[in-house]
Amino acid sequence: MHNELLKVAKFGGSSLSDPRRFGEAISIIKAQEERRFVVVSAPGKRFSGDEKVTDLLYACYDAAQNGNQEAFHRIFDRIKERFSLLQDALCPDFSLDEDFETICAGLKRRMGKDYAASRGEYLCGKLMAKCLGYPFVDPADCVFFKDDGAFDSEHTNGALHSVLTSLGRAVIPGFYGSMPNDTIRTFSRGGSDITGSIVARAVDADLYENWTDVSGFLMADPTIVKNPKGITHITYSELRELSYMGASVLHEEAIFPVKEANIPIHILNTNRPQDAGTIIQEHSKVKSGYPITGIAGKKDFMSIYVYKKHMSNEVGFIRKALSILEKYHISIEHIPSGIDSFNIVVEKKEIEESLYEILAHFKDEL
Ligand code: ASP
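Rules of the game
- As a convention, each chain's residues are numbered from 1 in the sequence order in which they are written.
- The predicted nature of this model means local features are confined to residues of pLDDT at least 70 and side-chain atom pairs, given and counted, to a pLDDT of 80 or more, with totals for whole chains, interfaces and linings taken over all residues.
- Hydrogens are left out, water is left out, and the side-chain values use all remaining heavy atoms of the structure.
- Side-chain rings of Phe, Tyr and Trp (the six-membered ring for Trp) are treated as a pair once their centres are within 6.5 Å; stacked means planes under 30 degrees apart, edge-to-face means over 60, and tilted covers the remaining angles.
- Going along the chain from the N terminus, every DSSP run of H or I of four or more residues is numbered as a helix, and every run of E of two or more is numbered as a strand.
- Per-residue accessibility, obtained with a 1.4 Å probe over protein chains only, is compared with the maximum for each type, and a residue is labelled buried under 20%, exposed over 50%, and partly exposed between these values.
- Over a ring means this: the NZ of a Lys or the CZ of an Arg is within 6 Å of the ring centre and within 35 degrees of the ring normal.
- We call a residue near a given molecule or strand whenever any one of its heavy atoms falls within 4 Å of it.
- Whenever two N or O atoms come within 3.5 Å, that pair is a polar contact, provided that in protein one can donate a hydrogen and the other can accept it, and provided that, for residues adjacent in sequence, both atoms are side-chain atoms.
- Here, Shrake-Rupley sampling with a 1.4 Å probe gives the accessible areas, and only protein chains in the shown set may cover a residue.
- The residue classification treats Ala, Val, Leu, Ile, Met, Phe, Trp, Tyr, Cys and Pro as nonpolar and Asp, Glu, Lys and Arg as charged. All others, Gly included, are polar.
- Any helix carries an expected span of 1.5 Å times its number of residues minus one.
- Here the bend at each residue means the angle between axes fitted to two seven-residue stretches, the one ending at that residue and the one beginning there.
- A pair of strands is labelled paired if DSSP reports no fewer than 2 bridges between them.
- Orientation is described by axes fitted as lines to C-alpha atoms, over the contacting stretch for helices, and by angles from 0 to 180 degrees between their N-to-C directions.
- Contacts are residue-level and defined by heavy atoms, with any inter-residue pair within 4.5 Å sufficient.

Caption draft 1: Here's a closer look at the packing of aromatic side chains. Applying the stated criterion to the full structure yields 9 aromatic pairs. Ring centres 5.6 Å apart and planes at 90° place the aromatic pair Tyr122 and Phe136 in the edge-to-face group. Remark: Phe136 occurs in the loop between helix H5 (113–132) and helix H6 (153–167) and Tyr122 occurs in helix H5; sequence separation between them is 14 residues. What makes Tyr122 buried here is its relative accessible area of 12%. According to the relative accessible area criterion, Phe136 is partly exposed, its value standing at 25%. Feature note: the residues Phe72, Phe76, Phe83 and Phe100 constitute an aromatic cluster, connected by ring pairs. Directly above the ring of Phe145 sits Arg185, whose terminal nitrogen or CZ lies 5.6 Å from the centroid.

Structure below.
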């Protein structure tokens, strides 16, 4: 139990990509005493066409696997360069040299793809901890995956809770944890959002702030609609609908840990901290005043039109049609129906290969 307000602040790669933005993130954290737990991604792109540190690490891993020494060292030096730019500007007395030696040896020993990918968050976390004077907590010791690779929520929650509450404040790298055999495992891409949510749940935060490079969710796609308004409040389930339709600001799985604990997520813009952002919460007292929260869309669907005379009298007809699609592991998006006809709407890429086989089954069996 805690009496003061407690916030978890997660910073995405774009917010930590260069010294100016990294410095901005530090100022934001320092501006509020309650931002006691900080989760970081690896430095992202500084400009369009730039490389994300995580992508460089994957490339480095591939070069090591292929025994391509020249490529390995060239890419590894680019990663080092990214961190020395940050370190020189923000924390000149600090050195990551030893860590780089360990990582270089680890990559050469082929410690695994996930180990390689996770080092961007690890180094970024170390640097941020040093800049803030906060303790560094390595998720390898307190974020756990099970033997089958699934995230171990309860084991993690217990371990994180005791480590973090005893420290009172800390920097925790996002994106990874460890397997029962002590190897490193990562979440899927963009997974630092999930770590932020797990940390918020473990410390029973009042708010999970997710700092990124946009001021929250927009009511429509700005490439289609001119100057859409921002969504200030949205429920977890509305967000799930919008994310499924392609509005990607937050990792889809990041809502589950905080949703259970009823902790709101606040999406904020590091470049415009004064903007309202979006608050994601199940039951908000604040009403937006709009009957529709937002509109999103998805392209490339195909519709199969099925017509049969007197279909309406045949019980189980649609079920038979759907079971044919089930055999091909095709998920169905929508089934608008008429009296003697219906349409099955599916994603084009799922059905393309087997379309004619499926249609033949429809004709035979229905
Ligand atoms: N650095 C990882 C990625 O690029 C994870 C993250 O940023 O959340 O996907």
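That shown, we press on.
Caption draft 2: Structural detail: the site of the ligand. All residues in the neighbourhood of the ligand are listed as Ser41, Thr54, Glu121, Phe175, Arg189, Gly190, Gly191 and Ser192. One of the side-chain nitrogen or oxygen atoms of Glu121 is found 2.6 Å away from a nitrogen atom of the ligand. Look at the ligand: alone it shows 260 Å² of surface, and the protein chains cover 90% of it. Split into classes, the residues belonging to the shell around the ligand amount to 1 nonpolar, 5 polar and 2 charged.

Caption draft 3: Structural view of H5. Given a rise of 1.5 Å per residue, 20 residues ought to cover 28 Å, and the 30 Å separating the end C-alpha atoms of H5 matches this to within 8%. Along H5, the sharpest kink reaches roughly 35°, centred on Arg119. Counting buried residues in H5 gives 16 out of 20 residues, a clear majority hidden from the surface.

Caption draft 4: Focus on the sheet that holds strand E11 (residues 332–334). With antiparallel pairing, 3 strands are arranged side by side in an open sheet as E10-E12-E11. The open sheet has two free edges, formed respectively by strand E10 (301–307) and E11, since each of these has just one partner strand. Direction aside, neighbouring strands of the sheet carry axes that sit 40° apart on average. Pairing between E10 and strand E12 (residues 341–347): 7 bridges, direction antiparallel. Within the sheet, the bridge partner assigned to Ile304 lies in E12 and is Ile344. Contacts from helix H12 (residues 355–365) reach E10 and E12, with the element oriented near 20° to E10.

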